[in-house]
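Here is how the chains run, residue by residue.
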Amino acid sequence: MPSTRSAGRVPLYRQVQDVLLQRLDSGALRPGDRLPPETDLAAELRVNRLTVRQAIGELTRAGRLVARQGSGTFVAPPPRHFPIELAASYIDGPDGLSGAFASVGRTLSETPVSSAIVLGGSAPQAEEYLPGRRLRRIDSVLAVDSEPWFANSVWMDDHRFAGIDRHLQDGVPLYAVWRDVYGVRLKAAWRSFAAAAASPHVAELLGVPAGAPVLLRDGLNVDEVGIPTIYINRSCRSDRVRFVANYLQAD
């Protein structure tokens, strides 16, 4: 396999990865194209099949390739990052994201995954901001044009939102339930961000390999009178979304 770098310093799978990246970046392999079988690539590049598999795994975790069970490995759509901004106004859609996607002709939908009372001590961050309450955790997935981009976990006071399970439906945002059923309108109090690797649970929800890079976004929402109401943790596919902070210039 040709390489401009010393094979003694660059692992073989990295060299294979570089070759595949060159084909992706040059357009020789385009979004939607099926990658040649591992055996064919191994023969072409004169390396072991396991070396090819490792290189493909790295590119899959990076979001450049996508594996489809029973079909093979395909070139993923190019990352399309959306500038998502937080404002002090009330949140009406899935955490204020609906408008950002609607403005570019994309559709955001929310699907509940699970709902359960959490044991005391099992959610220390949520309990810190929502102390002395019996907490319910609801997990959901936010999809953009039916492709999962965000895995959500939210914690709330089960007494304040009693019977919420009856109102959980595919396509109905949690923010709409809180507002329309319980009369609670929410504002973002704060948000924090951190880079992480997708856990097996998050990877399954988002349809990405375990260990794929995600952006963790934690935050607290308050109600109209400033009472802490919802603690939220969101895993965002870093190959699909980027948060941008815009700073206004002072006069």
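Reading the values: the criteria
Residues numbered from 1 in each chain as written. Predicted model: local features only at pLDDT ≥ 70, side-chain atom pairs only at ≥ 80, totals over all residues. Heavy atoms only, no water. Axes fitted to C-alpha atoms, helices over the stretch in contact; angles between N-to-C directions. Helix = DSSP H or I, 4+ residues; strand = E, 2+ residues; numbered from the N terminus. Parallel < 35°, antiparallel > 145°, perpendicular 65-115°, else oblique. Left-handed = near helix turned anticlockwise from the far one by under 90°. Contact = heavy atoms within 4.5 Å. Phe/Tyr/Trp six-rings, centres within 6.5 Å; stacked < 30°, edge-to-face > 60°. Buried < 20%, exposed > 50% of the residue type's maximum accessible area, 1.4 Å probe, protein only. Lys NZ or Arg CZ within 6 Å of the ring centre and 35° of its normal.

Axis separation between helix α1 (residues 12-26) and helix α3 (residues 49-61) bottoms out at 8 Å; the angle between their running directions is 60°. In terms of orientation, α1 lies oblique with respect to α3. Relative to α3, the crossing made by α1 is right-handed. Residues Leu-12, Tyr-13, Arg-14, Val-16, Gln-17, Leu-20 and Leu-21 of α1 form the contact with α3, whose participating residues are Thr-51, Val-52, Gln-54, Ala-55, Ile-56, Glu-58 and Leu-59.

Now for the side chain of Thr-73. As for its position among the elements, Thr-73 is in strand β2 (residues 72-75). Ignoring anything within four residues of it in the chain, the contact list for Thr-73 reads Asp-33, Arg-34, Leu-35, Ile-56, Leu-65, Val-66 and Ala-67.

What follows concerns the packing of aromatic side chains. Under the definition given, this model contains eight aromatic pairs. Judged by centre distance (6.3 Å) and plane angle (55°), the ring pair of Phe-161 and Trp-178 falls under tilted. You can see Phe-161 sitting in the loop between β6 (147-157) and α6 (174-180) and its partner Trp-178 sitting in helix α6, a full 17 residues away along the chain. According to the relative accessible area criterion, Phe-161 is buried, its value standing at 1%. Look at Phe-161 and Tyr-182: their rings are 5.2 Å apart centre to centre, the planes differ by 80°, and that puts the pair in the edge-to-face class. Here Tyr-182 lies in the loop between α6 and β7 (187-197) and Phe-161 lies in the loop between β6 and α6, a separation of 21 residues in the sequence. Just as Phe-161 is buried, Tyr-182 falls in that class too. Arg-68 extends its terminal NZ or CZ atom over the ring of Phe-74, reaching a point 4.4 Å from the ring centre. Over the ring of Phe-150 we find Arg-234, and its NZ or CZ is 5.5 Å from the ring centre.

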